[in-house]
Amino acid sequence: MTKRYFCTLFDSNYLLKGVAMLRSLAKYCPDAYVYILCMDAKTEQILTQLDLPNIQCIPLSDLEDESLLLAKKERGIAEYCWTLSPCLPWYVLQNNPQIELITYLDSDLLFYSPVEDLFDEIGDASITIIEHRFSPRLKDREVNGRFCVEWVSFRRDDEGMACLSRWRDQCIEWCFYRLEEGRMGDQKYLDEWPHLYTSVRILQHLGAGIAPWNYSQYHFEKDRFGRITVNGAPLIFYHFHQFQLLDNGTFDRLSAFYTSECDEPLAVYEAYESQLNSVLSDVRVVEPGFSGGLKPFAQVAGRRWVQRFVPRRIKDVLHRLIRY
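Residues numbered from 1 in each chain as written. Predicted model: local features only at pLDDT ≥ 70, side-chain atom pairs only at ≥ 80, totals over all residues. Heavy atoms only, no water.

## Description of the overall build of the chain
Link 1 in the chain: Helix and strand counts for the chain stand at 12 helices and 15 strands.
Link 2 in the chain: Taken against the 2.2 N^0.38 rule, which gives 20 Å for 324 residues, the C-alpha radius of gyration of the chain at 19 Å falls within 12% of a compact globule.
Link 3 in the chain: Taking the principal axes of the C-alpha coordinates as reference, the chain spans close to 55 × 45 × 40 Å.
Link 4 in the chain: The buried share of the chain, taken over its 324 residues, is 54%.
Link 5 in the chain: Here the analysis covers contacts within the chain between residues at least 6 apart in sequence; of these, 74% occur between residues at least 24 apart.
Link 6 in the chain: Carbon and sulfur atoms provide 50% of the accessible area of the chain, an area that totals close to 15200 Å².
Link 7 in the chain: Within the chain, the 45 negative side-chain charges are centred at a point lying 6 Å from the centre of the 36 positive side-chain charges. (Helix = DSSP H or I, 4+ residues; strand = E, 2+ residues; numbered from the N terminus. Rg over C-alpha atoms; globule rule 2.2 N^0.38 Å. Buried < 20%, exposed > 50% of the residue type's maximum accessible area, 1.4 Å probe, protein only. Contact = heavy atoms within 4.5 Å. Areas by Shrake-Rupley, 256 points an atom, 1.4 Å probe, with all protein chains shown as cover. Lys, Arg positive; Asp, Glu negative; His and termini not counted. Charge placed at Lys NZ, Arg CZ, Asp CG, Glu CD.)

## Remarks on helix H1 (residues 15-28)
Link 1 in the chain: Helix length check: H1, at 14 residues, gives a terminal C-alpha distance of 20 Å against a target of 20 Å (1.5 Å per residue), a fit within 8%.
Link 2 in the chain: Among the 14 residues in H1, 10 count as buried, and that is most of the element.
Link 3 in the chain: Taken together, the buried positions of H1 are Leu15, Leu16, Lys17, Gly18, Val19, Ala20, Met21, Leu22, Ser24 and Leu25. (Expected span 1.5 Å × (residues − 1).)

## Some thoughts on the sheet that holds strand S6 (residues 127-129)
Link 1 in the chain: Sheet architecture is open: seven strands sit in the order S3-S2-S1-S4-S7-S6-S8, paired in mixed fashion. Both edges of this open sheet fall to strand S3 (55-59) and strand S8 (200-202), since each of them pairs with a single strand only. On average, adjacent strands in this sheet sit at an angle of 20° to one another, irrespective of strand direction.
Link 2 in the chain: Direction of pairing for strand S2 (residues 32-38) relative to S3: parallel, over a ladder of five bridges. Across the sheet, residue Val34 finds its bridge partner in S3, namely Ile55. (Pairing = 2+ DSSP bridges. Axes fitted to C-alpha atoms, helices over the stretch in contact; angles between N-to-C directions.)

## Quick look at the sheet that holds strand S15 (residues 294-295)
Link 1 in the chain: Strand order in this open sheet of three strands is S14-S13-S15, and the pairing throughout is mixed. Because the sheet does not close on itself, it has two edges, and the strands there are strand S14 (251-252) and S15.

## Some details on the pattern of salt bridges
Link 1 in the chain: A complete count under the given rule lists 18 salt bridges for this structure.
Link 2 in the chain: Put simply, Glu287 and Lys42 hold a salt bridge, and the shortest N to O gap is 2.9 Å. One end of the pair, Glu287, is in the loop between helix H10 (266-286) and S15; the other, Lys42, is in helix H2 (residues 41-50), with 245 residues separating them in the sequence.
Link 3 in the chain: The exposure class assigned to Lys42 is partly exposed, which follows from its relative accessible area of 31%.
Link 4 in the chain: A salt bridge links Asp169 to Arg168, with the nearest nitrogen and oxygen atoms 3.9 Å apart. (Salt bridge = Lys/Arg side-chain N within 4 Å of Asp/Glu carboxyl O.)

## Re the packing of aromatic side chains
Link 1 in the chain: Taken as a whole and judged by the stated rule, the model has 21 aromatic pairs.
Link 2 in the chain: Pairing Phe257 with Tyr258 gives two aromatic rings, centres 5.0 Å apart and planes at 85°, and the pair type is edge-to-face.
Link 3 in the chain: The class for Phe257 is partly exposed, based on a relative accessible area of 24%.
Link 4 in the chain: Taking the relative accessible area as the measure of exposure, Tyr258 reaches 5% and is therefore buried. (Phe/Tyr/Trp six-rings, centres within 6.5 Å; stacked < 30°, edge-to-face > 60°.)

## What about the side chain of Ser199?
Link 1 in the chain: By secondary structure assignment, the location of Ser199 is in the loop between helix H8 (193-196) and S8.
Link 2 in the chain: Of note is the side chain of Ser199, whose polar atom sits 2.9 Å from the backbone nitrogen of Ser126. (Polar contact = N/O pair within 3.5 Å; in protein donor to acceptor, adjacent residues only side chain to side chain.)

## Points about the packing of helix H5 (residues 77-95) against helix H7 (residues 158-173)
Link 1 in the chain: Packing of H5 against H7 leaves a shortest axis separation of 8 Å and a crossing angle of 140°. With respect to H7, the element H5 is oriented oblique. Note on packing geometry: the crossing formed by H5 with H7 is left-handed. Contacts from Trp82, Thr83, Ser85, Pro86, Cys87, Pro89, Trp90, Leu93 and Gln94 in H5 reach Met161, Leu164, Ser165, Trp167, Arg168, Cys171 and Ile172 in H7.
Link 2 in the chain: Across the contact of H5 with H7, the residue classes tally to 11 nonpolar, four polar and one charged. (Parallel < 35°, antiparallel > 145°, perpendicular 65-115°, else oblique. Left-handed = near helix turned anticlockwise from the far one by under 90°. Nonpolar A, V, L, I, M, F, W, Y, C, P; charged D, E, K, R; others polar.)

## As for the packing of H1 against H10
Link 1 in the chain: The contact between H1 and H10 brings their axes to 9 Å, and the two run at 110°. Here H1 is positioned roughly perpendicular relative to H10, judged by the angle of their axes. With respect to the hand of their crossing, H1 and H10 are arranged in right-handed fashion. In this structure, H1 contributes Leu15, Leu16, Lys17, Val19, Ala20 and Arg23 to the contact, and H10 contributes Tyr272, Gln275, Leu276, Ser278, Val279, Leu280, Asp282 and Val283.
Link 2 in the chain: Broken down by class, the residue content of the contact of H1 with H10 amounts to nine nonpolar, two polar and three charged.

## Considerations on the side chain of Arg183
Link 1 in the chain: One can find Arg183 in the loop between H7 and H8.
Link 2 in the chain: Assessed through its relative accessible area of 16%, Arg183 is described here as buried.
Link 3 in the chain: One polar contact links Arg183 to Glu181, side chain to side chain, over a distance of 3.2 Å.

## Description of the pairing of strand S7 (residues 151-155)
Link 1 in the chain: S7 sits mainly inside the fold: five of its five residues count as buried.
Link 2 in the chain: Because side chains alternate across S7, one face comprises the buried residues Trp151, Ser153 and Arg155, and the other comprises Val152 and Phe154, equally buried.
Link 3 in the chain: Summarising the sheet, strand S4 (residues 101-105) and S7 pair through five bridges and their orientation is antiparallel. Paired with Tyr104 across the two strands is Val152, which belongs to S7.
Link 4 in the chain: Alignment of S6 against S7, held across two bridges, turns out to be antiparallel. Bridge pairing links Ile127 to Phe154 in S7.

Interpretation note: all reported values are geometric properties and have no functional meaning in isolation.
Encoded structure:
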């Protein structure tokens, strides 16, 4: 089988999610090899202790050049991670000439079935992206970006490298959490790719890229083998945006912003929670008491109560204190 190369990044606050993603990818893509940009020393330490197969840790210092260090000073943590989204696959390709195709993945995904159908779709394309596929209620959010930086693939050819290099330069120059002059974080830059490049593939598989912003328009069930399907197609990966692990051992799945229209797909979330519990147990074997990414239950519950019951005019006043 063909070796598949991926890259991702996360810090110790996302480590549990990142390891769950890596384990699910290894299960459904046995020939995957993943380069992980470790955003802090704790992440690299724990990943090394876990001894996961077919991964390579990259310390943040290996990637940071003068331009990135300058950008880092003026950006928040999330904004800096977005800045690095194109920088990581660029770095991997520059330092590994044997790699012909690299795929960047967000760390808060979970894979549920084999990914080979997606690579069949990619074929010989130079660039591969995936749409948010917003539900009708959320269609207006497309102004922030038609495509989602959750799965982005680049081939080592003229067009793939030109696109990746340009995206890298753009994100280093400007990557902020605001809509400004046709830009929004790292993702809105992708809007122009289908018009700029001739070899762009937009993934169409219904089971790829399911997320809170689009799940309401799909029907979920299990086939006779117990596998989760989306409108009859195998669920390949789900993006767990907004999902939080809590310090009392429970989870906060989604805000009422999403669930008021339609309950979350239960089986999808139960499988994720099971994986996270397993990862937490294993991490605490090598790092007793590890609590990275575990949010205070009372604080999260308070925020959810405000979101559900406090009038909009009051929430607007509290916006600076209570992050949505």
